Amino acid sequence: MLEVSGEKVKHEFSVFIEDTDCYGVVYNSNYLKFFDRARQAALGVAPLAARQRDGEVLRLLENTEMKLSGSAVLGQEIEVLSSFAPSASDAAVTDWQQTLACKKTGAVLASSMASTFLQSRGSTSSPPLASRLLPGPAPKYTCEYMVWLDEIDGRQQLSDVSILKMFERNRNTALGGP
């Protein structure tokens with residue numbers, strides 16, 4: 001578990017078939033899964049579970065920047081290096097910098113900058129920095145989606161992966177797909 005701001009922690013993963021497309025390449029939204037799991041590991045799964053039992057859940061506020069500079073493939077060993085710091089604009093928010101690299105070569109395949117916060121279950125207050133979520137008027141175009149139970153994670157919210165898959169479904173539809 002991270003104790004000090006700026007401390008870096010490494011978490012290793014194996015790329016399984018569930019993480020890949022039909023060509024054995026990691027599906028883009030699964031990089032978010034790797035980053036999210038590394039954040040959980042950095043904070044300590046047991047302490048997070050205890051906080052969840054006490055009614056607090058770790059929420060992703062935003063992912064401001066994600067770069068994919070390579071592709072992880074089936075069977076590859078990868079590692080995520082994570083560091084955090086309290087947000088300069090809101091003390092309730094933690095900012096993360098993460099990189100995902102091939103364990104064997106050290107080549108960076110993806111990087112992410114994200115912000116998280118702890119929220120009490122049942123809280124009706126707005127998340128921290130709500131203006132960062134909706135900086136202006138409502139978007140011009142909206143889409144409706146059926147949310148399936150398997151898309152809800154253990155925190156009773158849409159997982160990052162499910163949100164990206166919804167985006168991909170909409171993009172596919174816009175391009176004339178099924």
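Residues numbered from 1 in each chain as written. Predicted model: local features only at pLDDT ≥ 70, side-chain atom pairs only at ≥ 80, totals over all residues. Heavy atoms only, no water.

Details of the packing of aromatic side chains
Counted under the stated rule, the structure contains 2 aromatic pairs. Aromatic pair F13 and F34: ring centres 5.2 Å apart, planes at 45 degrees, arrangement tilted. Placement of the pair is F13 in strand β1 (residues 8-14) and F34 in helix α1 (residues 29-43), with a sequence separation of 21 residues. Judged by its relative accessible area of 1%, F34 falls in the buried class. For the cation-ring pair, K33 lies above F34, with the distance from its terminal atom to the ring centre recorded as 5.4 Å. (Phe/Tyr/Trp six-rings, centres within 6.5 Å; stacked < 30°, edge-to-face > 60°. Helix = DSSP H or I, 4+ residues; strand = E, 2+ residues; numbered from the N terminus. Buried < 20%, exposed > 50% of the residue type's maximum accessible area, 1.4 Å probe, protein only. Lys NZ or Arg CZ within 6 Å of the ring centre and 35° of its normal.)

Some details on the nonpolar core
Ranked by size, the top nonpolar core spans 14 residues in total, and within it Y31, F34, A72, I78, V80 and L100 carry the most contacts. Secondary structure elements with two or more residues in this core: α1, β3 (77-86), β4 (93-102) and β5 (108-120). If you tally residues by element for this core, the top one is α1, at 4 residues. Those residues in contact with A72, other than ones at most four positions away along the chain, are V15, G24, V25, V26, Y31, I78 and L109. Listed in part, the 6 residues of the second largest apolar core include A42, L43, L48 and W96. (Core = buried A, V, L, I, M, F, W, Y, C linked by side-chain atoms within 4.5 Å. Contact = heavy atoms within 4.5 Å.)

Regarding the pattern of salt bridges
If you walk through the whole model with that rule in mind, you get 7 salt bridges. Note that E79 is salt-bridged to K10, the shortest N-O span being 3.9 Å. Placement of the pair is E79 in strand β3 and K10 in strand β1, with a sequence separation of 69 residues. Of the residues examined, E79 reaches a relative accessible area of 16% and is grouped as buried. When its relative accessible area of 51% is taken as the criterion, K10 is described as exposed. Here K33 ties to E18 by a salt bridge, and the two come within 3.9 Å at their closest N and O atoms. One end of the pair, K33, is in helix α1; the other, E18, is in the loop between β1 and α1, and 15 residues separate them in sequence. We classify K33 as buried; its relative accessible area is 12%. (Salt bridge = Lys/Arg side-chain N within 4 Å of Asp/Glu carboxyl O.)

Describing the side chain of S112
Along the chain, S112 turns up in strand β5. Its relative accessible area of 3% is what places S112 among the buried residues. Engagement of the side chain of S112 in a polar contact is seen with the side chain of N63, the distance being 3.2 Å. Setting aside chain neighbours within four positions, we find S112 in contact with F35, N63, E65, M66, W96, Q97 and Q98. (Polar contact = N/O pair within 3.5 Å; in protein donor to acceptor, adjacent residues only side chain to side chain.)

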